[in-house]
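# Per-entry structural report
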Amino acid sequence: MTEHPRVTILYPARSGGRFDFGYYVPNHLPLAVGTSLRHSAITYCDASRPILPDSPYACICTVGFESVEAMDNFRHFFASGHAETARILSDEPNYTNITPLFVAGMTQGNAAPRPTHAATAYRLQLIFPATAKSQFNHGRFPQFANPVLLAKLGRGITGVHVETDSMTAGVLPDSRPDVHCIWTAWVPNRAALDTFAARWAGAAGTEARTRLADITNVPAQAVFAEVSALDMAQAQAIAAPA
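So, here is what we can say about the structure in this document. (Residues numbered from 1 in each chain as written. Predicted model: local features only at pLDDT ≥ 70, side-chain atom pairs only at ≥ 80, totals over all residues. Heavy atoms only, no water.)

## With respect to the packing of helix α1 (residues 21–36) against helix α7 (residues 232–239)
Close contact between α1 and α7 brings their axes to 8 Å; oriented N to C, the two are set at 55°. Taken as axis vectors, α1 and α7 run oblique relative to one another. You can see that α1 and α7 cross each other, and the crossing is right-handed. For the pair α1 and α7, contact is made by Pro26, Pro30, Leu31, Val33, Gly34 and Thr35 and by Met232, Gln234, Ala235, Ile238 and Ala239, respectively. Here the contact of α1 with α7 is composed, by residue class, of 8 nonpolar, 3 polar and no charged. (Axes fitted to C-alpha atoms, helices over the stretch in contact; angles between N-to-C directions. Helix = DSSP H or I, 4+ residues; strand = E, 2+ residues; numbered from the N terminus. Parallel < 35°, antiparallel > 145°, perpendicular 65-115°, else oblique. Left-handed = near helix turned anticlockwise from the far one by under 90°. Contact = heavy atoms within 4.5 Å. Nonpolar A, V, L, I, M, F, W, Y, C, P; charged D, E, K, R; others polar.)

## Looking at the packing of aromatic side chains
Across all of its chains, the model carries 15 aromatic pairs by this definition. Taking 5.0 Å as the distance between ring centres and 55° as the angle between the ring planes, the aromatic pair formed by Phe19 and Phe21 counts as tilted. Overall, the relative accessible area of 17% leaves Phe19 in the buried class. What links up through ring pairs into an aromatic cluster is the set Tyr11, Phe19, Phe21, Tyr24 and Tyr95. (Phe/Tyr/Trp six-rings, centres within 6.5 Å; stacked < 30°, edge-to-face > 60°. Buried < 20%, exposed > 50% of the residue type's maximum accessible area, 1.4 Å probe, protein only.)

## Here we look at the nonpolar core
Formed by 33 residues in total, the largest nonpolar core has its most connected members in Val7, Tyr11, Tyr24, Val33, Ile42 and Phe65. Where this core is concerned, the elements lending two or more residues are β1 (2–12), α1, β2 (42–50), β3 (57–65), α2 (68–79), β4 (101–109) and α7. Here this core gets 6 residues from one element, more than from any other, and that element is α1. Ranked by size, the runner-up nonpolar core spans 31 residues in total, among them Ala145, Val148, Phe196 and Ile215. (Core = buried A, V, L, I, M, F, W, Y, C linked by side-chain atoms within 4.5 Å.)

## Things to note about the environment of Gly16
Summarising the element assignment, Gly16 is placed in the loop between β1 and α1. We classify Gly16 as exposed; its relative accessible area is 58%. Along the primary structure Gly16 and Glu207 are separated by 191 residues, whereas in three dimensions their C-alpha atoms are 33 Å apart.

## So, α1
Residue His28 marks the point of greatest curvature in α1, where the axis turns by about 40°; the proline Pro30 follows within four residues. Burial analysis of α1 places 12 of its 16 residues in the buried class, the great majority of the element. Every buried residue of α1 is accounted for by Phe21, Tyr24, Val25, His28, Leu29, Pro30, Leu31, Ala32, Val33, Gly34, Thr35 and Ser36. Taking the backbone nitrogen of Gly22 as reference, a side-chain oxygen 2.9 Å away marks Asp20 as the first, capping residue of α1. (Bend = angle between axes of the 7 residues up to and from the residue. Polar contact = N/O pair within 3.5 Å; in protein donor to acceptor, adjacent residues only side chain to side chain.)

## Digging into the state of the cysteines
One pass over the structure, following the stated rule, counts 0 disulfides. No disulfide involves Cys61; its nearest neighbouring cysteine sulfur is the one of Cys45, lying 3.6 Å away. Residue class for Cys61 comes out buried when judged on its relative accessible area of 1%. Lacking any disulfide linkage, Cys181 is separated from the closest cysteine sulfur, that of Cys61, by 18 Å. Relative accessible area serves as the criterion here: at 1%, Cys181 is assigned to the buried category. (Disulfide = S-S within 2.5 Å.)

## A closer look at the pattern of salt bridges
Tallied over the full model, the rule gives 8 salt bridges. The salt bridge partner of Arg123 is Asp46, with a shortest N-O separation of 2.9 Å. Of the two residues, Arg123 is situated in strand β5 (residues 121–129) and Asp46 in strand β2; the sequence distance between them amounts to 77 residues. Across this residue pair, the class does not change: Arg123 and Asp46 are buried. In this structure, a network of salt bridges that share partners links the residues Arg6, Glu163 and Asp165. (Salt bridge = Lys/Arg side-chain N within 4 Å of Asp/Glu carboxyl O.)

Below you can see the structure in the form of structure tokens.
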């Protein structure tokens, strides 16, 4: 198992909500990550575009870091009111009217290959929101959930890579995360993703959710998505001094 720090930015779907991927990936992400690279060591960034119309989130963006210190620098950069954050935030109306959720934590996985900017990847993410009465057993989750979810949803599919994000904070210092955990399954192609989605909606998904109730009282929110990765060279060009 490998482990690294990661920030996840979630845009909840809502009535009247708007999200423009055609602007977000080629324009906003290079601006946001390129500017942030002046303050933090970011290793990758990608964005999930849901394939189902009833997805609970319009987009999920993940940002990986070299170290916990680098992740904390990123969080402090956004929380500090730095002049450069205003440039990033002022670009938001160009692609969305949705207020995002920022959560930070550690990712454990079986060395899932990162998608490149030249190719589309596919993943399922199960999001477990945090509420005042929610309970979540982080210690038991990977050992319990991975075999259950893969047996129920991934039966017969090879090349699946799993990641588990345990959230520890929001973007602001000392803030509590809005999400307990995100479980991610990278799948090899669109056909495999469609199979996962069909099984989640059917009896296999019902059985998986019943088993998950043994370790959490939080219903999972499922997002089945195509994933676009940021060209880090583009972001680094923005980060470089003029």
